[in-house]
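Overview (structure and organization)
Chain by chain, the residues run as shown.
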Amino acid sequence: MRKLRIGVLGSGKGSNFRAILDAIAHGRLAAEVAVVVSDVEGAGILRLAEEAGVKNATVIDRRYKTRLSPETEAELVAILTEAGVELVVLAGYMRMVKAPLLEAFPRRIINIHPSLLPKFPGLEAWRQALEAGEKVAGCTVHYVDAGMDTGEIIARAEVPVLPGDTAETLHARIQVAEHRLYPEVVATLATSDFR
Ligand code: GAR
């Protein structure tokens, strides 16, 4: 069976990327990670890629914190295209995605967000849920558009908010759900005829 070529973008420790690699290794996901790109030098996700023998690159833009300039984003597009990427998987990528990337991969960019969207877009969504007194939190996988966490929802998973939860314990519980949901969604896309 032909494997879907995915490109993973991340800024952090890369636990969702690790979950995707595990799903591939255990035959639950018919995909191949063609390249990992980070906007943070030395990010954990880059170390994981190195350890796994996955091609990786760093594309940094020091002019902005929350997006890339169009020129820098075009560099990113070139790396993804060169690697033959068919689906771009944002895994803790903390910058907004703009025109060059969206146009190069129409409906081919997905993101995982640590809340039950449309509730709590933006930063530290788990903390927002806790502070709002929610009894149920979770994560959402969605297509990426030019807005912040606004694209069409593909799937969500719920977790309870427990008495005594801190931001850390709640985020950890949400991450367990993320690590199950994200590989499942990518696996579904990999076997669909979207390509
Ligand atoms: C994940 O919880 C992901 O949902 C969140 O960053 C974390 C990355 O963890 N993403 C966002 O908040 C995007 N708006 P990881 O590096 O261990 O996969």
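Model, not experiment: these values are computed from the prediction. (Residues numbered from 1 in each chain as written. Predicted model: local features only at pLDDT ≥ 70, side-chain atom pairs only at ≥ 80, totals over all residues. Heavy atoms only, no water.)

1. Notes on the sheet that holds strand S7 (residues 153-160)
This is how the line gets drawn: Between any two strands, at least two bridges found by DSSP are needed for them to pair. A run of H or I in DSSP counts as a helix once it spans at least four residues, and a run of E counts as a strand once it spans at least two, with each numbered from the N terminus. Simply put, an axis is a line fit to the C-alpha atoms, just over the touching stretch for a helix, and the angle between two N-to-C directions goes from 0 to 180 degrees. What makes two residues a contact is simply this: any of their non-hydrogen atoms within 4.5 Å.
With respect to topology, seven strands assemble into an open sheet ordered S3-S2-S1-S4-S5-S6-S7, the strand pairing being mixed. If you trace the sheet from one side to the other, it starts and ends with strand S3 (56-58) and S7, each paired once. Between one strand axis and the next, the sheet turns through 20° on average, direction left out of account. Docked against the sheet, helix H6 (residues 167-190) engages strand S1 (4-10), strand S4 (87-90), strand S5 (109-113), strand S6 (136-143) and S7, running at close to 150° with respect to S7.

2. Observations regarding the nonpolar core
Counted only if it meets this: Definition used in this section: a nonpolar core is a set of buried Ala, Val, Leu, Ile, Met, Phe, Trp, Tyr and Cys residues joined via side-chain atoms within 4.5 Å. Only protein chains enter the calculation, and the probe is 1.4 Å; a residue is then buried if its accessible area is under 20% of its type maximum, exposed if over 50%, and partly exposed in between.
Of all hydrophobic cores here, the largest spans 44 residues; its most connected members are Ile6, Val8, Phe17, Val36, Val89, Ile110 and Tyr182. The greatest single-element share of this core, amounting to eleven residues, is contributed by H6. Residues within four places of Tyr182 in sequence aside, it is in contact with Asn16, Ile20, Val89, Leu90, Ala91, Ile110, Asn111, Ile112 and Val141. Counting residues in hydrophobic clusters, the runner-up holds 21 residues, among them Ala83, Val88, Tyr93 and Ile109.

3. Structural notes on the packing of aromatic side chains
Definition in use: Working definition: a ring pair exists when centres of Phe, Tyr or Trp rings (six-membered ring for Trp) sit within 6.5 Å. Plane angles under 30 degrees give stacked, over 60 give edge-to-face, the rest tilted. Lysine NZ or arginine CZ positioned within 6 Å of the ring centre and within 35 degrees of the ring normal marks a charge as sitting over the ring.
For the structure shown, the criterion picks out zero aromatic pairs. Positioned above the aromatic ring of Tyr64, the side-chain terminus of Arg67 is 3.9 Å from the ring centre. Lying over the aromatic face of Tyr143, Arg107 brings its terminal NZ or CZ to 4.2 Å of the ring centre.

4. A closer look at helix H3 (residues 70-82)
Applied cut-off: Given the number of residues in a helix, its expected span is that number minus one, multiplied by 1.5 Å. Taken from the helix axis, the directions to the C-beta atoms give the arc we talk about.
Over its 13 residues, H3 extends 18 Å from the first C-alpha to the last, a length consistent with the 18 Å expected when each residue adds 1.5 Å. Residues of H3 that are buried: Thr72, Glu73, Leu76, Val77 and Leu80. Considered in projection along H3, the buried side chains sweep an arc of 150° and stay on one side of the axis. Opposite the packed face of H3, turned more than 90 degrees from it, sit the exposed residues Glu71 and Glu82. Following H3 by one or two positions, Gly84 adopts a phi angle in the positive range, close to 70°.

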